[in-house]
Amino acid sequence: MGLSSMVVTSILAVFSVTQLGLIPTMAEEETMVFGAIGERVILPCIDRSQHDGVTWKYKNQVVIKHQDRILKGITRMTFRSDLNKQEISKGNFSLTLLQLENSDAGKYVCEVGSRTFEVHLQVFTVTGSPSGYLLSNESLTLKVQGTSSAGITWHDNHGKMVTHSQSRELENSGYSLRIHSLQAEDSGTWKCHIRSSSALLEIPYKVLVIGFHNWALETHYAAVNSTVLLSYTLSADRQKIGELENIKGGFEWKPEEDRQYQEKFNFSVTSKGLPWSKQMNNMRFTVKTSNDLQVKLHKVQFKDAGWYRSHFKFSRGRVEKTIHLVVMAVSANPVGPHSKSANVTLLCRLSGPLPPGAQLFWEHVNGTEKETQKEDHNEVKVMTKTAGRWRCSLKVRNTVVTSTDYTVEKAAEWNIYVLIGAGVGAGIVLLLLAGLCTFTCTARQRRRRRAEKIARVRQDLIEKRTCQCQYRLTNHYTHA
């Protein structure tokens, strides 16, 4: 059979089938649309040549139609569907579906006059495990539910596309994202982008991580008698945290790294309440209604150095932040004022070790003398005869983080002579006083010995008279 005969036969066959009404109506356009569960989606159907009726079907069942007025069908999404009457007159017959459900996915047919448009709806959702709030250092797994050959990309709370790394794992062709070691800075809206050649869907997912901002160990440096402010900032508002569950908070301190923490105070976090403050020795604690806990130390002393930790306890764990306070103290040996020729040893020490690459040094203010300690030791000494103001400074990464001054005082020359004269005069006065005391004591001893001698003489005289009287009385009686 020739080619022309085959063509003629085919045409006759098509004509015969058409006459019998056996050829189904073919869709003139096919469109792919993505939607997210719980959200709204618009299924497009536009024919500018028509300004009359439209019928939308889902699996051969009428969803909604318009012919002079809107009529509803009997499908599961019928009462969540709608048409824009004003747009129909312009040839826009697009269908709006509200509160999408997973079962809404499938093929939709838009019939406008003799034309037919097909729209394939794919429904997606993003779930998180665990759900709800998370604590610092927990892990979160985000998954896309829905079937499609589209490409999946994830974007973090700063809008940056996520790539596979040690802390961000992409699995199952990108349909799953595992985020390790969450921190407070990860709170915010993460997004999943689902893209095909003809459709794009952006699904947001809100992540709430409760923890302290800049949670890693901080080190604060301060000089003796200065004021120190330690700040602990949570990633969530204190009132919102109090709405989650009954949460306990506390504040602790320890003087050395290998020691046990000592509790300073504790409190409960609630959704109500006014800001409060508490004074303990030289420390003042202030809890604000927002998300800050502040600790102010007035006139900090060397013994106040150590580790200060704030924590919050939840039913599934706790979050905490520690600040290491390093205190600087200076002293002199001997303590002045000094003579011009006297040497003075200035000592500057830290309560903790010197940070790597840091410098601890003495320098004479407005002078040229300087002594630097670059090793791991926590003190530096300088021996000097130079009077004036000396400054001890700690420099970390080329930035002075704390410093304190000490003034070396030299006694004036006339002061020295006065001191010498005063010393000589005091010596003479002491000698005179000693001589006077000796003379007084000797005179007293002489008077005492004289008084004792007179008393003995009187006693002897009394005894002698008594004896003579007795002798005379005895003779008188004998004579009688």
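Preceding this section is the structure that the text describes.
Residues numbered from 1 in each chain as written. Predicted model: local features only at pLDDT ≥ 70, side-chain atom pairs only at ≥ 80, totals over all residues. Heavy atoms only, no water.

K.L.:
In this structure, what is going on with a nonpolar patch on the surface? I would like to understand it.
P.N.:
Judged by side-chain polarity, Val424, Ile428 and Leu432 come together as a nonpolar surface patch covering roughly 300 Å² of accessible area. Mapped onto the secondary structure, Ile428 falls in helix 4 (residues 413-479). Ile428 sits in the partly exposed class, given a relative accessible area of 47%. (Patch = residues over 30% accessible without salt bridge, like charges linked within 9 Å, V, L, I, M, F, W, Y side chains within 5 Å. Areas by Shrake-Rupley, 256 points an atom, 1.4 Å probe, with all protein chains shown as cover. Salt bridge = Lys/Arg side-chain N within 4 Å of Asp/Glu carboxyl O. Helix = DSSP H or I, 4+ residues; strand = E, 2+ residues; numbered from the N terminus. Buried < 20%, exposed > 50% of the residue type's maximum accessible area, 1.4 Å probe, protein only.)

K.L.:
Whenever I open this one, the packing of aromatic side chains confuses me. Can you help?
P.N.:
The description of an aromatic ring pair uses the distance of the two centres, along with the angle that the planes make with each other. In total, this model carries 13 aromatic pairs according to the counting rule given. Between Phe267 and Phe312, the ring centres sit 5.8 Å apart and the planes meet at 80°, which makes this aromatic pair edge-to-face. Pair noted here: Phe267 is in strand 21 (residues 262-269) and Phe312 is in strand 25 (residues 306-314), with a separation of 45 residues, a long-range link. Of the residues examined, Phe267 reaches a relative accessible area of 9% and is grouped as buried. (Phe/Tyr/Trp six-rings, centres within 6.5 Å; stacked < 30°, edge-to-face > 60°.)

K.L.:
Quick question: what am I supposed to make of the side chain of Glu252 here?
P.N.:
Relative to the assigned elements, Glu252 resides in strand 20 (residues 247-254). Residue classification places Glu252 among the buried positions, given a relative accessible area of 13%. A polar side-chain atom of Glu252 sits 2.7 Å from a polar atom in the side chain of Arg309. With near-sequence residues (within four places) excluded, Glu252 lies in contact with Tyr261, Gln262, Glu263, Lys264, Trp307, Tyr308, Arg309, His311 and Arg318. (Polar contact = N/O pair within 3.5 Å; in protein donor to acceptor, adjacent residues only side chain to side chain. Contact = heavy atoms within 4.5 Å.)

K.L.:
Help me understand a positive patch on the surface, please; the structure alone is not making it clear to me.
P.N.:
On the surface, a cluster of positive charge is made up of Arg444, Arg446, Arg447, Arg448, Arg449 and Arg450. Mapped onto the secondary structure, Arg449 falls in helix 4. (Lys, Arg positive; Asp, Glu negative; His and termini not counted. Charge placed at Lys NZ, Arg CZ, Asp CG, Glu CD.)

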